[in-house]
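# Remarks on the overall topology
Residue strings, one per chain:
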Amino acid sequence: MDLKRETATDGRFVRQANRFTDLIEEGGPHPPEPGRYQIYASYACPWAQRALIVRELLGLQDVIGVTIVDPIRDERGWRVPGGDPVTGAEFLSELYLATDPGYQGRYTVPCVWDRTAERLVTNDYPQITLTLETAFAPWHAEGAPDLYPAALREEIDALNDTVFHGLNNGVYKAGFATSQEAYDEAVTGVFATLGLLEERLSDGRPYLHGEALTESDVRTYTTLARFDAVYHAHFKCGIRRLVDHPALWAYARRLYAIPAFRDTTDFDHIKRHYYVTQTNINPTGIVPQGPDIDWTAP
Ligand SMILES: N[C@@H](CCC(=O)N[C@@H](CS)C(=O)NCC(=O)O)C(=O)O
């Protein structure tokens, strides 16, 4: 994994911008339609798992397809084992290059392919879940949760921003830092954010915004699910573990008990992907055993 382009001169990790940011929206070139869009995702990837969770929570499985890539990536990027039934692609790069032959960034999941236009619409991960929640509302299953209720959007956006910088991307900033200062700053931010969330949940509320499950819970969960298994050691986020935060750990297990969260959490893909693929920070590619954690404990 070559991160030169995403490393600042002071050793900080600076994530690349999302190249494809078209919207799926009524009246635009990519209108919402059942059967038209395919999501490419890895169970290993926290950004992609968000989309998998939301798709299942909203009951959109028959409306939007999913192709899961192999957790191990080599220099050719993500691979579709056996080839993609929708496009025939063997590598995700084929979809990026079919859409933009001059594309030079990383070929990332999640991304969404338009089967009618035969091009990528978006790899803009924060927008993908919001699109499923809003543009696809006419196809939500009966009784599906409203993950992005109009009355709470400002609060949700604000918390998502804190969680992104301090936690979702914070662990990457710690893991990919190439200077002590950059690492120290990032890891301090990660644990400050965990502390903040721990405190927020300590009043006994089941979810971050109260009684109702929202987009903020989805975004927080995918980092928590990887925390002790990967980020604690591999990304050097070692000050404390998730299980050392009683309210957060109970909250993470509460989410794991929901099928959409549990079904899309694959600890084997997660561990093999990070430890085998990110040889810049784990040159031997050895996948550690453990930790022995019971996510199903009551
Ligand atoms: N699209 C975003 C976030 C998605 C992302 O980073 N996905 C990772 C997996 S967690 C990926 O696909 N990486 C491919 C690569 O590094 O070649 C980005 O470009 O930073």
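None of the values given here were measured: they were computed from a predicted structure. (Residues numbered from 1 in each chain as written. Predicted model: local features only at pLDDT ≥ 70, side-chain atom pairs only at ≥ 80, totals over all residues. Heavy atoms only, no water.)

### Structural notes on helix α6 (residues 180–201)
Just so we agree on the cut-off: Strands here are runs of E lasting at least two residues and helices are runs of H or I lasting at least four, both read from the DSSP assignment and numbered beginning at the N terminus. Multiplying 1.5 Å by the residue count of a helix minus one yields the expected span of that helix. Relative accessible area decides the class of each residue, using a 1.4 Å probe on protein chains only: under 20% of the type maximum gives buried, over 50% gives exposed, and in between gives partly exposed. Of all possible arcs, the one meant is that of the directions from the helix axis to the C-beta atoms.
Its 22 residues give α6 an end-to-end C-alpha distance of 32 Å, which sits within 8% of 32 Å, the value for a rise of 1.5 Å per residue. For α6, every residue scored as buried is listed here: A182, Y183, A186, V187, V190, F191, T193, L194, L197, E198 and L201. Looking straight down α6, one finds that the buried residues subtend no more than 150° of arc, so they occupy a single side. The exposed set on the far side of α6, more than 90 degrees from its buried face, consists of Q180, E181, E185, T188 and E199.

### As for the environment of A252
Defined as follows: We call two residues in contact when some of their heavy atoms are within 4.5 Å.
As for its placement among the helices and strands, A252 is situated in helix α8 (residues 246–256). Not counting residues within four places of it along the chain, the set of residues in contact with A252 comprises Y221, L224, L242 and W295.

### Comments concerning the domain arrangement of the protein chain
Our working definition: Per the annotation, domain bounds derive from an automatic or database assignment of domains. Summed over both partners, buried area is the accessible surface (1.4 Å probe) that two parts give up on being assembled. The rule for a salt bridge is simple: a side-chain nitrogen of Lys or Arg has to be within 4 Å of a carboxyl oxygen of Asp or Glu.
What the domain assignment reports for the protein chain is domain 1 (4–139) and domain 2 (150–258). Using only C-alpha atoms to locate each centre, domain 1 and domain 2 end up separated by 23 Å. Taken together, the contact pairs 22 residues of domain 1 with 20 residues of domain 2. Of the roughly 1,700 Å² buried at the junction of domain 1 and domain 2 (both faces included), carbon and sulfur atoms supply 58%. Among the residues of domain 1 in contact with domain 2, F13, P46 and R50 are the three that bury the most area, contributing 32% of the side total. On the surface where domain 1 and domain 2 come into contact, there are zero salt bridges.

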